[in-house]
Amino acid sequence: MFEKRRHIRIDADGWAEDIENAQVDVVVTFPDSTRWISNFYTIKCIETMKQDYSESKVCLNGAYWCASSPVIIVDNISRERIEQVVDDLIQDGSFEYVFEYFGPVENRDMEASGYPEDFFDNNSKIDPLYVSLQAARIQQMLDQASEEVKMKIMREIFGVCL
């Protein structure tokens, strides 16, 4: 589903003082111009957050923690380790389960992200299997939605007038 050619942007790349006690956002871009995001946390970082939450009495005194997007727990957040993890996830077919679709590359991203020359394939499109999977999820939600919501979705997203 995902090809091996990828570009990895690591927020905070190179400035983490302790690569074994940190968190970074990772955006992976493919030649079809799709971007995918996940958060990488080290085990030590999670332990530190648990201690901080316990002391500050939040999240039931550190009993739980919620991430805002998919999370991958690693031993360290070095570029080398992150690239190894991404490549392994692509190879074993589980990338789509731990990275969230983040939208297409936009013009403002082109300069800021440092994509290699000739990285993008203008003829490449997002994998139809992924689109089908997401469409099936939307259909399942629509089956549970009110008629008003169904009509609104049909009008706004699909441009259908019923």
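Calculation rules
Residues numbered from 1 in each chain as written. Predicted model: local features only at pLDDT ≥ 70, side-chain atom pairs only at ≥ 80, totals over all residues. Heavy atoms only, no water. Helix = DSSP H or I, 4+ residues; strand = E, 2+ residues; numbered from the N terminus. Rg over C-alpha atoms; globule rule 2.2 N^0.38 Å. Buried < 20%, exposed > 50% of the residue type's maximum accessible area, 1.4 Å probe, protein only. Salt bridge = Lys/Arg side-chain N within 4 Å of Asp/Glu carboxyl O. Disulfide = S-S within 2.5 Å. Contact = heavy atoms within 4.5 Å. Core = buried A, V, L, I, M, F, W, Y, C linked by side-chain atoms within 4.5 Å.

(A) A look at the overall build of the chain. Counting its secondary structure elements, the chain contains 7 helices and 5 strands. N-terminal to C-terminal, the α/β element order of the chain is β-β-β-α-α-β-α-α-β-α-α-α. Against the 2.2 N^0.38 benchmark of 15 Å for 162 residues, the chain shows a C-alpha radius of gyration of 19 Å, more extended than a compact globule. Judged by the C-alpha coordinates and their principal axes, the chain covers about 55 × 45 × 30 Å. Among the 162 residues that make up the chain, the fraction classed as buried is 32%.

(B) Geometry of the pattern of salt bridges. All told, the structure shown has 8 salt bridges when counted by the stated rule. In this structure, the salt-bridge partner of Arg79 is Glu83, at a minimum N-O distance of 3.1 Å. Here Arg79 and its partner Glu83 are both found in helix α3 (residues 79-92), 4 residues apart, which amounts to about one turn of the helix. In this structure Arg79 comes out as partly exposed when scored by relative accessible area, which is 29%. Ionic pairing is found between Lys150 and Glu147, a salt bridge with its closest N-O pair at 3.4 Å. Taken together, the positions of Lys150 and Glu147, both in helix α7 (residues 147-156) and 3 residues apart, correspond to about one turn of that helix. For Glu147, a relative accessible area of 53% translates into the label exposed.

(C) Here's a closer look at the state of the cysteines. Within the structure shown, the criterion is met by 0 disulfides. Cys59 provides the cysteine sulfur closest to Cys66, a residue in no disulfide bond, and the two sulfurs are 6.4 Å apart. The class of Cys66 is exposed, set by a relative accessible area of 57%.

(D) Focus on the environment of Val86. Examined against the element boundaries, Val86 turns out to sit in helix α3. Exposure remark for Val86: the relative accessible area of 0% places this residue in the buried category. Val86 sits 27 residues away from Ser113 along the chain, and the two C-alpha atoms are 18 Å apart. Setting aside chain neighbours within four positions, we find Val86 in contact with Arg6, Ile8, Val28, Phe40, Phe95 and Phe99.

(E) Representation of the nonpolar core within the structure. If you look at the biggest cluster of nonpolar residues, it comprises 21 residues, and the most contacted ones within it are Val26, Val28, Phe40, Ile82, Val86, Phe95 and Phe99. When residues of this core are assigned to their parent elements, the largest contribution, 5 residues, is made by α3. Those residues in contact with Val26 that lie beyond four places of it in its chain are Ile8, Arg9, Ile10, Trp36, Ile37, Ser38, Phe40, Ile82 and Phe99.

Everything listed here is a matter of geometry and, on its own, says nothing about what the molecule does.
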